[in-house]
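Each chain, letter by letter, is given below.
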Amino acid sequence: MDDSIEDWFRREILSQEPALVRFVARKWLNRTELQDIRDDIYVRVLETAERERPALPKAFLFTVARHLLMDRARRARIVAIDLLEDMDVLNVLIDEISAERRASGREQLQRLSAVF
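Read on for an overview of the structure. It should be emphasised that the depicted structure is a prediction, and the values quoted were computed from it without experimental measurement. (Residues numbered from 1 in each chain as written. Predicted model: local features only at pLDDT ≥ 70, side-chain atom pairs only at ≥ 80, totals over all residues. Heavy atoms only, no water.)

Description of the overall build of the protein chain
- Looking only at helices and strands, one finds six helices and zero strands in the protein chain.
- Ordering the α and β elements of the protein chain from the N terminus gives α-α-α-α-α-α.
- Within the protein chain, counting contacts between residues at least 6 apart in sequence, those at least 24 apart form 67% of the total. (Helix = DSSP H or I, 4+ residues; strand = E, 2+ residues; numbered from the N terminus. Contact = heavy atoms within 4.5 Å.)

Overview of the side chain of Arg72
- Mapped onto the elements of the fold, Arg72 is located in helix α4 (residues 57–77).
- Sequence-distant contacts of Arg72, defined by excluding residues within four places in its chain, comprise Trp28, Glu33, Asp36, Ile37 and Asp40.

A short note on the packing of aromatic side chains
- This model, assessed by the stated rule, comprises two aromatic pairs.
- Relative to Tyr42, the ring of Phe9 has its centre 5.3 Å away and its plane inclined at 85°; by these criteria the two rings are edge-to-face. With a gap of 33 residues between them, Phe9 in helix α1 (residues 5–13) and Tyr42 in helix α3 (residues 34–51) connect regions that are remote in the sequence.
- With a centroid separation of 5.5 Å and an interplanar angle of 90°, the aromatic rings of Phe23 and Phe62 are classed as edge-to-face. Of this pair, Phe23 sits in helix α2 (residues 17–27) while Phe62 sits in helix α4, and the two are 39 residues apart along the sequence.
- Residue class for Phe62 comes out buried when judged on its relative accessible area of 18%. (Phe/Tyr/Trp six-rings, centres within 6.5 Å; stacked < 30°, edge-to-face > 60°. Buried < 20%, exposed > 50% of the residue type's maximum accessible area, 1.4 Å probe, protein only.)

Some points on the nonpolar core
- Ranked by size, the top nonpolar core spans 21 residues in total, and within it Leu20, Val24, Ile41, Val45 and Leu61 carry the most contacts.
- Ignoring any residue separated from it by four or fewer positions in sequence, one finds Val24 in contact with Leu34, Ile37, Ile41 and Leu69. (Core = buried A, V, L, I, M, F, W, Y, C linked by side-chain atoms within 4.5 Å.)

Next up, the structure:
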């Protein structure tokens, strides 16, 4: 097949868009990111296809989608080091509330409730 990358992409990849969008929507909860994810998938597919066109375009498309979603999920779980540094500057306590502190807080609430 000696057609252009654009023709190949339209025929083999864009024809799968409804199924791709359904697949991503089932896997990714944040609906506002669906178009960005779809576009990122298309970019990865095109970059690969420019070097060598996949033998099974549909299977390749959904494999790329699955890998991209896993990459995004992995990145979403990583806490930015900048955030941790900001918390140090703010002197924010991240520890659990002790049982004594919880009991003391309840006592104070009871006293305030009695006043009002």
